[in-house]
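Read off the chains here:
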Amino acid sequence: MTTTELTRYEIDIEDVEYLRHGNKPLLARVYKPRGKGPFPLVIDLHGGAWCKKDRMTDVGTDEPLAKSGVVVAALDFRMPPDAGYPASLADVNYAIRWFKARATELGSRPDRVGILGVSSGGHQAALLAMRPEDPRYGAIPLPGKMAYDAAVRCAVLCWPVIDPLGRYHYATKLKAEGDSRLADSALPSHDQYWGSEAAMAEGNPTMALERAEKVNLPPVLYLQGTDDGAHPRPNLDRFVAAYRKAGGRLDLHFFKGVGEAFITNDPISPTSLEAIDKIIEFVHREIR
């Protein structure tokens, strides 16, 4: 099914509280198509180097995805200074299960849930898709006796920080060579979120595959611009090779002449619209 064959839906948008830590609520912005469904349901994780931005960041992707007939839940989750790794993974793992428990009332089904992440959110989306049963990530129980797992049908990764340790070393090397632009923006956030290089190696999708960890391998759509200076190409190549070697199916698409955050920065450019169409097509193909 191509995107031109899809029904276009009117959508309703609301914020819901999915979790609370002390007196601090965590909200999800839910984009719900008006119609019978059952629709796919996609959990969206924003970028911001694990430390910045919020659930409204990806509206340029979330709205057209919802209008194609997908329930989208864009999350807030804990970030520094409130908490570093793995707290955000615990919040999102909980959110996947929480939304599965409410999928029917949202016009979806518990077995029709995928995940999408951008930059650092792409890293988290990959890690959660691969490790849905990690006890650290699943540490927050659902209320009552509801039993849902955190497995997802597919993952959309938009220029993910797919190897946090590799990106940390890359930015450090650039700074030593006199180019501090990436280092000044990325290294403090790496340090705040991870706390150590050992943590960057442990919570690392690429290195998990290279360590031959037993992981889930849902279908992946991987998008990146050819001029992306913040997400090193060698890191991408290592992950793609390792994911495919492990038996996972991964669709890789490059977009010529654009850098990092190209959809976020200009969601209505021709290149961004092409990328969004690929996301829509992939989600509808993989979540039937």
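Predicted model, so just to flag it, every value in this text is computed and none were measured.

Caption draft 1: Representation of the sheet that holds strand β4 (residues 71-75) within the structure. Reading across from one edge, β1-β2-β4-β3-β5-β6-β7-β8 is the order of the 8 strands in this open sheet, with mixed pairing throughout. Strand pairing shows two members of the sheet lacking a second neighbour, β1 (11-21) and β8 (250-255), which therefore form its edges. Across the sheet, the axes of successive neighbouring strands diverge by a mean angle of 20°, strand direction being ignored. Direction of pairing for strand β3 (residues 41-45) relative to strand β5 (residues 113-118): parallel, over a ladder of 5 bridges.

Caption draft 2: The pattern of salt bridges, seen in detail. Scanning the model with the defined rule gives 22 salt bridges in all. A salt bridge links Asp15 to Arg55; its shortest N-O distance comes to 3.0 Å. Separated by 40 residues along the polypeptide, Asp15 in strand β1 and Arg55 in the loop between β3 and α1 (59-67) bring together distant segments of the chain. Classification of Arg55 by relative accessible area gives buried; the value is 11%. Notably, a salt bridge pairs Arg78 with Asp91, separated by 3.0 Å at the nearest N-O pair. Taken together, the residues span a long stretch of sequence, with Arg78 in the loop between β4 and α2 (87-101) and Asp91 in helix α2 at a distance of 13 residues. Note on Arg78: relative accessible area 21%, which makes it partly exposed. For Asp91, a relative accessible area of 0% translates into the label buried. In this structure, a network of salt bridges that share partners links the residues Arg131, Asp134, Arg136, Glu202, Arg211 and Glu213.

Caption draft 3: Main features of unusual backbone geometry. At the junction of Gly37 and Pro38, the peptide bond is cis and its omega measures out at 5° in the coordinates. With respect to the helices, strands and loops of the structure, Pro38 is situated in the loop between β2 (24-33) and β3. Between Pro80 and the following residue, Pro81, the backbone shows a cis peptide bond with an omega angle of 10°. Tracing the backbone shows Pro81 in the loop between β4 and α2. Positive phi is not limited to glycine here, since Ala49 has a value of about 55°. Among the secondary structure elements, Ala49 is positioned in the loop between β3 and α1.

The rules behind each value
- For every chain, the first residue of its written sequence is number 1, and the numbers climb from 1 along that sequence.
- It should be noted that, the model being predicted, local features are given only for residues of pLDDT at least 70 and side-chain atom pairs only at 80 or more, the latter also being counted only at that level, while totals for whole chains, interfaces and linings use all residues.
- Where side-chain values are given, they derive from all heavy atoms of the structure, hydrogens and water being excluded.
- Any two strands between which DSSP finds at least two bridges are classified as paired.
- The way it works is that DSSP assigns letters per residue, a run of H or I at least four long becomes a helix, a run of E at least two long becomes a strand, and they are numbered from the N terminus.
- Angles shown run from 0 to 180 degrees and are taken between the N-to-C directions of axes, each axis being a line fitted to C-alpha atoms and, for helices, limited to the stretch in contact.
- The term salt bridge refers to a side-chain nitrogen of Lys or Arg lying within 4 Å of a carboxyl oxygen of Asp or Glu.
- Exposed residues in this analysis have more than 50% of their type's maximum accessible area, buried residues have under 20%, and partly exposed residues fall in between, with area computed by a 1.4 Å probe over protein chains only.

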